[in-house]
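Chain by chain, the residues run as shown.
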Amino acid sequence: MKILLIGYGKMGQTIAAVAAQRGHEIAGIVDLHASQLSITDFTPATVDVAIEFTHPDSAFANVAACLRQGLPVVCGSTGWLHHFDEAQELTQELGGSLFYASNYSVGVNLFFHFNEYIAAKMSQFGGYDVAVREIHHTHKIDQPSGTAITAAEGILRHFPAKTTWRNAPAEIPTELAIISERAGEVVGTHIVTYTSAVDTLELMHEAHNREGFALGALLAAEWLPGRQGVFGMKELLGL
Ligand SMILES: NC(=O)C1=CN([C@@H]2O[C@H](COP(=O)(O)OP(=O)(O)OC[C@H]3O[C@@H](n4cnc5c(N)ncnc54)[C@H](OP(=O)(O)O)[C@@H]3O)[C@@H](O)[C@H]2O)C=CC1
Ligand SMILES: O=C(O)C1=N[C@H](C(=O)O)C[C@H](O)C1
């Protein structure tokens, strides 16, 4: 497969390494400083799929540019979901292909699945409060992490005692706290904690490196071409 990489930072470089192991060709790189090329230099005749991991402020424009070029696009950037409805509309309007996941790790997507199951079970028993905690490296721009927001939304769907999330300690019992920590080079750790007066129950995912994210993004890139619409990891993994 010929891949256009948009963003050649920590994720772009990890994806390039894992793509080579899987026999793919990096047909082009678009990056703020590491490349002079632009998305408009590429068409479906030159690349099969684009993979975008850049920055919260540039993700939507990059996704829109790919859709306008007719390129299927796998986007991993977080912190841009206020534009997601527009991205969906543009995908429909242009008959394009967009894949988005706040986290491409297969393990995290199992974590999301168990998180929803656990929330539904825990809500059947009184006495538990729940909170989400995420820990990332100090270079991370957005807060809370996209993964923590997805986990919080999964809890809200199944735990009616919580009605909204808040990126701070909860001020009222109906708020679900998302606590964000930034420390050193932590790749990404997410913890959902249920606490009662008598015990604590936790679900945790800890990424050891970025290869799991890269592999998931490549699985999505291998799956997307030829499919029209907006997709995510639930469709890819059948969860
Ligand atoms: N969904 C998932 O599974 C994962 C998502 N992420 C998300 O992916 C994004 C990128 O993460 P990461 O690779 O660690 O970040 P990095 O900062 O290491 O890399 C981002 C790269 O994108 C470049 N860039 C910035 N703006 C543009 C633009 N407009 N066009 C092209 N390139 C641009 C940066 O250039 P320069 O450095 O010169 O500014 C940099 O090289 C973040 O939003 C992060 O949260 C990260 C890991 C997993
Ligand atoms: O910025 C990162 O590094 C990560 N971002 C994603 C997020 O915001 O959830 C995924 C992963 O945790 C790493």
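None of these values were measured; they are calculated from a predicted model.

Engineer: I keep staring at the sheet that holds strand 2 (residues 25–30) and nothing clicks. Help me out?
Structural biologist: Adjacent strands of a sheet form backbone hydrogen bonds with each other and so pair up, either parallel or antiparallel. Here six strands make up an open sheet; going across it, the order is 2-1-3-4-5-11 and the pairing parallel. Two strands close off the open sheet at either side, each with one partner strand: strand 2 and strand 11 (229–231). For this sheet the average axis-to-axis angle between neighbouring strands, irrespective of direction, equals 20°. The pairing of strand 5 (residues 97–100) with strand 11 spans three bridges and is parallel. In the strand pairing of strand 11, Ser97 is matched with Gly229.

Engineer: It is not clear to me how the nonpolar core should be interpreted in this structure. Could you clarify?
Structural biologist: Counting residues in hydrophobic clusters, the biggest one holds 43 residues, and the most contacted among them are Ile51, Val63, Val74 and Ala217. At the level of secondary structure, the elements contributing two or more residues to this core comprise strand 1 (2–6), helix 1 (10–21), strand 3 (49–52), helix 2 (59–68), strand 4 (73–75), strand 5 and helix 6 (211–223). Residue contributions to this core peak at seven residues, all from helix 2. Ignoring anything within four residues of it in the chain, the contact list for Ala217 reads Ile15, Ile51, Val74, Gly76 and Tyr104. Listed in part, the 20 residues of the second largest apolar core include Phe111, Ala119, Met122 and Ala152.

Engineer: In this structure, what is going on with the environment of Ala168? I would like to understand it.
Structural biologist: Tracing the chain through its elements places Ala168 in the loop between strand 7 (164–166) and strand 8 (175–182). Separated by 149 residues in sequence, Ala168 and Ala19 have C-alpha atoms that sit 38 Å apart.

Rules of the game
- Residues numbered from 1 in each chain as written.
- Chains lettered and ligands numbered in written order.
- Predicted model: local features only at pLDDT ≥ 70, side-chain atom pairs only at ≥ 80, totals over all residues.
- Pairing = 2+ DSSP bridges.
- Helix = DSSP H or I, 4+ residues; strand = E, 2+ residues; numbered from the N terminus.
- Axes fitted to C-alpha atoms, helices over the stretch in contact; angles between N-to-C directions.
- Core = buried A, V, L, I, M, F, W, Y, C linked by C-beta atoms within 7 Å.
- Buried ≥ 20, exposed ≤ 12 C-beta atoms within 10 Å, placed from the backbone.
- Contact = placed C-beta atoms within 7 Å.

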